[in-house]
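Secondary and tertiary structure notes
Each chain, letter by letter, is given below.
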Amino acid sequence: MLLDVLQVVSWLVVGVLIFLVAATVGSDFGVGILSKFVGKTDYEKRAVINVSAPTWDGSQVWFITAGGAIFAIWPQVYATSFSGLYIAILLVLWGLFLRPPAFEYRKKVDNDQWRSTWDWMLLLGSVIPMVVMGVAVGNLFLGFPIAYDETARLIYGDISNGHYQSMWITLFGLLTPFALLFGVFALNMAIMHGSTYCKLRTSGVLRDRFRAITNVATMVYIALFVVAATWLIFIPGYQYTANAGLTHMSDALHHPWDSGTITSQYSWYYNFCQAHIWMWFAPIMAVVGAIMIIKFNKQDKDWSAFLASLVSILGAVLTVGFALFPFIMVSTSGNHQFSLTVWNASSSQNSLIGILVAAALILPIVFSYTFFVYYKMWANGRRISAEEVEANSHDMY
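Residues numbered from 1 in each chain as written. Predicted model: local features only at pLDDT ≥ 70, side-chain atom pairs only at ≥ 80, totals over all residues. Heavy atoms only, no water.

1. Quick word on the overall build of the chain
Put simply, the rule reads: Numbering of helices and strands starts at the N terminus; helices are DSSP runs of H or I of at least 4 residues and strands are runs of E of at least 2. Only protein chains enter the area calculation, which uses a 1.4 Å probe; residues under 20% of their type maximum are buried, those over 50% are exposed, and those in between are partly exposed. Residue contacts are counted whenever heavy atoms from the two residues lie within 4.5 Å of one another. The method behind every accessible area is Shrake-Rupley, applied with a 1.4 Å probe, and residues are considered shielded solely by the protein chains displayed.
Helices and strands together make up the secondary structure of the chain, namely 14 helices and eight strands. Expressed as a percentage of its 397 residues, the buried residues of the chain come to 51%. Residue pairs at least 24 apart in sequence account for 79% of intrachain contacts in the chain once pairs closer than 6 positions are excluded. Counting only carbon and sulfur atoms, one obtains 69% of the accessible surface of the chain, whose full area is about 18,100 Å².

2. So, the nonpolar core
The cut-off we apply is this: Put simply, buried Ala, Val, Leu, Ile, Met, Phe, Trp, Tyr and Cys residues joined by side-chain atoms within 4.5 Å make one nonpolar core.
Ranked by size, the top nonpolar core spans 106 residues in total, and within it V77, F141, Y221, W268 and L340 carry the most contacts. Here the element with the most residues in this core is helix 1 (residues 2-38); it accounts for 17 residues. Among residues more than four places away in sequence, those in contact with W268 are L140, F141, L232, I235, P236, G237, Y238, A323, L324, F327 and V330. Grouped together as the second largest cluster of nonpolar side chains are seven residues, A102, F103, W118 and L122 included.

3. Things to note about the environment of F144
Inspection of the secondary structure assignment puts F144 in the loop between helix 6 (112-142) and strand 1 (146-148). Measuring from C-alpha to C-alpha, the distance between F144 and T80 comes to 9.9 Å, with 64 residues separating the pair along the chain. Among residues more than four places away in sequence, those in contact with F144 are L85, A136, N139, Y156, L174, M329, V330, S331 and T332.

4. Topic: the packing of aromatic side chains
Put simply, the rule reads: The rule is short: rings of Phe, Tyr and Trp, with Trp giving its six-membered ring, pair when the centres are within 6.5 Å, and they are stacked under 30 degrees, edge-to-face over 60, tilted in between.
Under the definition given, this model contains 27 aromatic pairs. Centroid distance Y105 to W118: 5.8 Å. Interplanar angle 70°. Geometry classified as edge-to-face. Of the two residues, Y105 is situated in helix 5 (residues 86-105) and W118 in helix 6; the sequence distance between them amounts to 13 residues. Classification of W118 by relative accessible area gives buried; the value is 16%. With 6.4 Å between their ring centres and 85° between their planes, F141 and F178 make a pair best called edge-to-face. On the criterion of sequence distance, the pair formed by F141 in helix 6 and F178 in helix 8 (residues 177-201) is long-range, its members being 37 residues apart. Its relative accessible area of 3% is what places F178 among the buried residues. In this structure an aromatic cluster arises from ring pairing among F141, F178, F182, W231, Y238, W268 and F327.

5. Focus on the environment of G138
As for its placement among the helices and strands, G138 is situated in helix 6. If near-sequence neighbours (up to four positions away) are discounted, G138 is found in contact with F178, A179 and F182.

6. With respect to the packing of helix 2 (residues 42-52) against helix 9 (residues 205-232)
The cut-off we apply is this: Axis definition: a line fitted to C-alpha atoms, over the contacting stretch in the case of helices. Angles run 0 to 180 degrees between N-to-C directions. Working definition: roughly parallel below 35 degrees, roughly antiparallel above 145 degrees, roughly perpendicular at 65 to 115 degrees, and oblique for all remaining angles. Here a crossing is called left-handed whenever its near helix is offset anticlockwise from the far helix by less than a right angle, and right-handed whenever the offset is clockwise. Amino acid classes used here: Ala, Val, Leu, Ile, Met, Phe, Trp, Tyr, Cys and Pro are nonpolar; Asp, Glu, Lys and Arg are charged; the rest, including Gly, are polar.
At a closest axis distance of 11 Å, the pairing of helix 2 and helix 9 adopts a crossing angle of 65°. By the angle between their directions, the pair helix 2 and helix 9 is classed as roughly perpendicular. Of the two elements, helix 2 crosses helix 9, and the hand of that crossing is right-handed. Along the contact surface, helix 2 presents E44, A47 and V48, while helix 9 presents V205, L206, R209 and F210. Residues of the contact of helix 2 with helix 9, tallied by class, amount to five nonpolar, no polar and two charged.

Next comes the structure, spelled out in structure tokens:
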């Protein structure tokens, strides 16, 4: 019974970390995308870059923490996804590699072509990871070719004539229209969140431009959310029913591929419409939060608009998690019995206890120093302008 609770709590912890990635790294990616187009002069571009440049590396902590949590809590999910999606993971890393030199080297040479090159590197380094991660989330609903072989080893990819498919084939197989829609949604979400943050941190003409961008990006966000939600109705969903012989749901850990029956009688709305109707608060939160962004933005309540953006993103993350529960990675092989769920893919009870205790001790420290850094940098409602960058050109990014 204790293990059942720990598995659900661990699932929630991963969800919180994914939200923190979307809220922090997503904001930085949005700033990186917008800096190329919003600034009309070099000093305006630098003002936008300075919104996130001093803290972007701190935001990556949540990226690393989320990956580490998946490794510790769901080792089979980590091993399967990070090996099977190897090329996709590399694309994310290669995109991330472009960001540090773009921040650091852009101002080193007083040359328009030099600066434009690094502007493009920052743009690509922000677009590529968001799109790839969005496509990955879309594929969680479509499933992955995972199965156990004759040695009970979990493998990724279909086998043809005794050989595994090329990783390039499995990568291109992920680029379906539905998954690409999620990629576009993730990209737009970053732009929406980044623009609300930039409006909060800039002044003058830049703030006016971000006001307009926020309205447009938020309306597109709502439209994409509705389109994805409608499309999901027609995507075959899966339901997990534990076998009668299991005393607890966590007993599936010892019977990973025959602990329950997986059917596709309903859509991915099964949890919302039949199992847990209370989960509807998540998509409602996502849409209402986005509507409030537009309302607060028009009233120039920048802090309220930014907080509404956080609420909307949290609602979107919860919507995905609730729709999938208890699945983590659905198997498209056989009769789906090889799917990885919260119940059959977690670490042991002692491991989960240790992980959660460590998280309870370490996360407050991370939150504390993150709050301190942001407070010191942005205390008293400080905002950046192109004029400030021009006056302190040698000290700012």
